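# Breakdown of the fold
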Amino acid sequence: MSDDYAITTTDLTRTFGDFTAVDRVSLQVPRGAIYGFLGPNGSGKTTCVRMICGLLGISSGSAQLMGLDVATHPAEIRRLYGYMSQKFSLYQDLTVLENLRFFGRIYGLSRSDVRTTVDAQLESLGLAPYADRRAGLLSGGWKQRLALGAALLHKPRVLFLDEPTAGIDPVARRSLWNLLFELSDAGVTIFVTTHYMDEAERCSHLAYIRSARLLVYGTPSSLKALPDVTPAGNRWLELSCATPTRLLGPVSKLPGVEDSTIFGDTLHLRVAQSFEEAEADELFRSLDETEWGFREVSPGLEDVFVTLTRREQQANQNV
Amino acid sequence: MFNGLTAIAYKEFLHVVRDPATRFVFVIPLFQLLLFGFAIDLEVTDIPTAVVDLDSTAESRELHRVFANTATFDVVSVLATVDELDAALTAADVKVGVVIPDGFARELRRGGGAEVLVMIDGSYSTEAGTALSTARAIGLWAPSRFANVRVDTPEIDERRVGPRRIDVRTRLLYNPNLRSANFFVPGLVGIILQLITLLLTSFAIVRERENGTFEQLMVTPVGAWGLLVGKLIPYLVIGIIETVLVLLAMVHVFGIPIAGALPALMMLSVLFVVTSLSLGVIISTFARTQTEAIQVSFLILLPSILLSGFMFPLSSVPAPVQPITYLIPVRYFIEILRGIIVRGTPVSALWFEAGALAAYTLVLLIVGALRFRKRLD
């Protein structure tokens, strides 16, 4: 039943001349999900979102929002979703209050509805003390809250966020995510594009797009369990040590090490059954490393996407 | 369709009020009207002139005075030789040279008429034309100043023309003193209103596009007409205030009365302001950046000045270019302004101009609304 999904796309495609920005992307976003849409810059994330929102024409394929075809119901779908773009896109020379009132009225709320909704929004987002400040004078995190407030005035069922936390500090980022969790609890479907892996970890569903094509989608745990990511007999080890950057080269040459990446102050290794910890211990001693330890871990999302991207590149080269 | 009109109009008002550039919006048109209204005088006077008097007699000095006493010529130098005069003309130190040859007085006294050479720099055709006609006029009546000389010029020899002559009596209507301000200032009002209103709206949408706020508007249910008309309203108010300001300056500073009906003038002015604002909106929807909007605006402004009948009569525009003049909205407005202000033309005689402006506006608004499809591509 398509009614179970907030967003569905079928072979969604957009071309600009010879260039294909989005290539046959099919998505199903369950209602109430926090759906993370991942991909490197220029992979087609924003183009995809703009098509679903009816901001860009669809070259072929289709998209439905809450069961409505976006191409044939441009006006109706706009009342169903809220949209917060990458760039701060409210009026810098208007105050916080004026911005919110403007968007309230644009969405056709009555004068008294605007007053009560705007007041409620100011309270819940903690913006009340800044109500009369010009939006342009707010810090990045507060601007983001204001933009979110403006996108929520008409109580949308689906919220699109295009790289919402680009360029804001970690504290503001965390509090924005807390707001998103609250919304999700209240039944709002959230569709968020990002290239931060720690944000991806917070999503209930993920899709990974690269070079215009959808590579994988699913829940974070199902992605981590993908056979492409962890082939049979392989496991992921976390190596904590004093000098991970120094050890990366030698470790990757050990027998049985299939993949190695630096992960914070540790190394993540994908190893086959032939891998022996004793061989590694010997190597580290010969390199005068003082302290180290192995721990079996499940792959992080970064491991997942790095592995998938490499496989895709290899596949392309083999063609 | 008109969804969000009042919200957009109110928001746009706030932008206008907050924008520090707004205070200039009212000052600049007035300043321009005063500056150009006084500076650009189509009456040619004080052409720098040099006199070479090779005769040095009472008569030659009298002729020198005659030239100096006209409004047309301003004798700025007296030179000794024709070679010096040639040099002065080439260097554009003077634009007219009067050479009174040796024997001028002798020829005059002999009664056979004397010759004077007037050299005119033809590179400034307007000045040259005026200099030519003034010099000829001096040739006609100057001999009467020399009491001892019999006036005998063929042109006014009544015995030769006899009774068959046709007496042409002219009567100048509407502008009996041929004040060039009466011709020029009403046109200037049109050009200034065109300039300012076009610039006002040509930024209106492209600015939002540049700031990224246009994308945010496009995800709202705002209607194309709501956005278009809502954007126009604040600038229409500014345009109307400016119209009143420049008309007041025209009447009270330049002393040009409005011969026709003021309400009709105001009504048609508002119509033109809407046309021009709509044109600005169209530019704004096509331009990607504010710089581009400015460039396109100037592409429109130059023909508006040169091909609208503002400076040169439309009848003298060559036939292949004529159709272009019909595409210039200010052409109709200048016609309306000169009609109502100078000649007191009733609106009933201006239906063509008013209709053309109305049609123009309608087409622009429809194109604008179509351009506002809820798309970014």
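Residues numbered from 1 in each chain as written. Chains lettered and ligands numbered in written order. Predicted model: local features only at pLDDT ≥ 70, side-chain atom pairs only at ≥ 80, totals over all residues. Heavy atoms only, no water.

## Observations concerning the overall build of chain B
Applicable threshold: In this text, helices come from DSSP runs of H or I with a minimum length of four residues, and strands from runs of E with a minimum of two, each type numbered from the N-terminal end. Burial classes: relative accessible area under 20% of the type maximum marks a residue as buried, over 50% as exposed, and values in between as partly exposed (1.4 Å probe, protein chains only). By definition in these notes, contact holds between two residues if any of their heavy atoms fall within 4.5 Å. Only the protein chains shown count as covering a residue, and every accessible area follows the Shrake-Rupley method with a 1.4 Å probe.
When you go through chain B residue by residue, the secondary structure sums to 16 helices and four strands. Relative to its 377 residues, chain B shows a buried fraction of 46%. Put simply, 79% of the contacts in chain B that link residues at least 6 apart link residues at least 24 apart. Just so you have it, chain B exposes about 18,800 Å², and 64% of that area is on carbon and sulfur atoms.

## Description of the sheet that holds strand β3 (residues 96-100) of chain B
All names here are of chain B. The cut-off we apply is this: A strand pair is defined by DSSP finding two or more bridges across the two strands. For helices, the fitted axis covers only the stretch in contact; all axes are lines through C-alpha atoms, and the angles between them, taken along N-to-C directions, range from 0 to 180 degrees.
With respect to topology, four strands assemble into an open sheet ordered β2-β1-β3-β4, the strand pairing being mixed. Each having just a single partner strand, β2 (73-79) and β4 (117-120) make up the two edges of the open sheet. Taken over all neighbouring pairs, the strand axes of this sheet differ in orientation by 25° on average, direction set aside. In this structure, β3 lies alongside β4, joined through four bridges in antiparallel fashion. Looking at the pairing, V99 lines up with L117 of β4. Most of the contacts of helix α3 (residues 58-68) go to β2, to which it runs at about 140°, and overall it touches β1 (47-53), β2, β3 and β4. Those strands touched by helix α4 (residues 82-90) are β1, β2, β3 and β4, and its axis lies near 170° from that of β3.

## Here we look at the interface of chain B and chain A
One frequent convention defines the size of an interface as the accessible area lost when the parts assemble. Inclusion rule: Buried area, as used here, totals the accessible surface that two parts lose on assembly, with accessibility defined by a 1.4 Å probe and the loss added over both. Any carboxyl oxygen of Asp or Glu within 4 Å of a side-chain nitrogen of Lys or Arg constitutes a salt bridge here.
Between chain B and chain A, the residue contacts involve 27 residues of the former and 26 residues of the latter. Together, the buried faces of chain B and chain A total about 2,500 Å²; carbon and sulfur atoms form 57% of this surface. For chain B, the biggest contributors to the area lost against chain A are B:R18, B:Q216 and B:V219; these three give 26% of the whole. Counting across the interface, chain B meets chain A through two salt bridges. The shortest N-O distance in the salt bridge between A:E98 and B:R18 comes to 2.8 Å.

## What to know about the pairing of strand β3 (residues 34-38) of chain A
The side chains of a regular strand alternate between the sheet's two faces. Residues and elements named next belong to chain A. Of all five residues that make up β3, five are buried, and the element is covered over most of its length. Here β3 shows two buried faces, one formed by I34, G36 and L38 and the other by Y35 and F37. As judged from the five bridges shared by β3 and strand β8 (residues 189-194), these two strands associate in the parallel manner. Among the inter-strand pairings, G36 is bridged to a residue of β8, identified as V192. The pairing of β3 with strand β9 (residues 205-210) spans four bridges and is parallel. When the bridges of β9 are listed, L38 appears paired with Y208.

## Things to note about a nonpolar patch on the surface
Threshold: Grouping into patches uses exposed residues only, defined as over 30% relative accessible area, and leaves out salt-bridged ones; the cut-off is 9 Å for like charges and 5 Å for nonpolar side chains (Val, Leu, Ile, Met, Phe, Trp, Tyr).
There is a patch of nonpolar side chains on the surface, built from B:V27, B:F31, B:L35, B:F36 and B:I40 and spanning about 430 Å² of accessible area. Looking at where B:F36 falls in the secondary structure, it is placed in helix α2 (residues 22-39).

## As for α2(B)
Residues and elements named next belong to chain B. What counts, and what does not: Expected span, for any helix, means 1.5 Å times one less than how many residues it has.
The first and last C-alpha atoms of α2 sit 26 Å apart over 18 residues, in line with the 26 Å expected at 1.5 Å per residue. Three or more residues of α2 are buried, namely T22, V25, P29, Q32, L33 and G37. On its buried face, α2 is in contact with α1 (5-18), α8 (180-202) and α11 (224-252).

## What to know about the nonpolar core
Operational definition: Residues grouped as a nonpolar core are buried Ala, Val, Leu, Ile, Met, Phe, Trp, Tyr and Cys residues, joined through side-chain atoms within 4.5 Å.
Within the largest apolar cluster, 106 residues are counted, with the highest numbers of intra-cluster contacts made by A:L65, A:L159, A:F160 and A:F305. Not counting residues up to four positions away in its chain, the partners in contact with A:L65 are A:A6, A:I7, A:I52, A:V70, A:I77, A:L80, A:Y81, A:V158 and A:F160. In this structure, B:L188, B:M250, B:A264 and B:V330 belong to the second largest nonpolar core, which totals 34 residues.

## Digging into the pattern of salt bridges
For the structure on display, the rule yields 18 salt bridges over all chains. Close ionic contact of A:R295 with A:E238 constitutes a salt bridge, the shortest N to O distance being 3.1 Å. Residue A:R295 is found in strand β14 (residues 292-297), and its partner A:E238 is found in strand β11 (residues 235-241); the two are separated by 57 residues along the sequence. Residue B:E208 pairs with B:K231 through a salt bridge whose shortest N-O separation is 2.7 Å.

## Let's talk about unusual backbone geometry
Positive phi outside glycine occurs at A:S211, with the angle close to 45°. The topology assignment puts A:S211 in the loop between β9 and β10 (213-218). Its identity is not glycine, yet B:D46 carries a phi of approximately 55°, on the positive side. Along the chain, the position of B:D46 falls in the loop between α2 and β1. For B:D46, a relative accessible area of 48% translates into the label partly exposed.

## Notes on the side chain of A:R173
Residues and elements named next belong to chain A. Inclusion rule: Identification of polar contacts relies on pairs of N or O atoms within 3.5 Å, with a donor-acceptor requirement for protein atoms, meaning one able to donate a hydrogen and the other able to accept it, and with residues adjacent in sequence counted only if both atoms are side-chain atoms.
Within the secondary structure, R173 is located in helix α6 (residues 170-185). A distance of 2.8 Å separates the side chain of R173 from the side chain of D198, its partner in a polar contact. If sequence neighbours within four positions are ignored, R173 has contacts with T165, I168, Y196, D198 and E199.

## Here we look at helix α11 (residues 301-318) of chain A
With 18 residues, α11(A) ought to run about 26 Å at 1.5 Å a step, and its terminal C-alpha atoms sit 26 Å apart, in line with that. Looking at α11(A), one finds that the buried residues are A:L301, A:D303, A:V304, A:F305, A:T307, A:L308, A:T309 and A:E312.

## Structural notes on the domain arrangement of chain A
Residues and elements named next belong to chain A. Just so we agree on the cut-off: Residue ranges for the domains originate in an automatic or database domain assignment.
Along its sequence, chain A is organised into domain 1 (2-218) and domain 2 (226-318). The C-alpha-based centres of domain 1 and domain 2 are spaced at 37 Å. In this complex, domain 1 contributes 10 residues to the contact, which on the side of domain 2 involves nine residues. Broken down residue by residue, the surface that domain 1 buries against domain 2 is led by M197, Y208 and R210, which jointly contribute 49%. Here domain 1 is connected to domain 2 by zero salt bridges.

## Some words on the packing of aromatic side chains
For clarity, the cut-off: Stacked, edge-to-face and tilted are the three classes for Phe, Tyr and Trp ring pairs, Trp counted by its six-membered ring, which pair at centre distances within 6.5 Å; planes under 30 degrees apart are stacked, over 60 edge-to-face, the rest tilted. A ring has a charge above it when a Lys NZ or an Arg CZ is no more than 6 Å from the ring centre and no more than 35 degrees off the ring normal.
According to the stated counting rule, one finds 19 aromatic pairs over all chains in the structure shown. Measuring from centroid to centroid gives 6.3 Å for A:F284 and A:F294, while their planes differ by 25°, and the two rings are stacked. Of this pair, A:F284 sits in helix α10 (residues 277-286) while A:F294 is found in strand β14, placing the two residues 10 residues apart along the sequence. On the basis of relative accessible area, A:F284 is assigned to the buried category, the value being 0%. Classification of A:F294 as buried rests on a relative accessible area of 19%. Members of the aromatic cluster, connected to one another through ring pairs, are A:Y35, A:F37, A:Y81, A:F160 and A:F191. Note that B:R331 overlies the ring of B:Y326, its terminal NZ or CZ placed 4.1 Å from the centroid.

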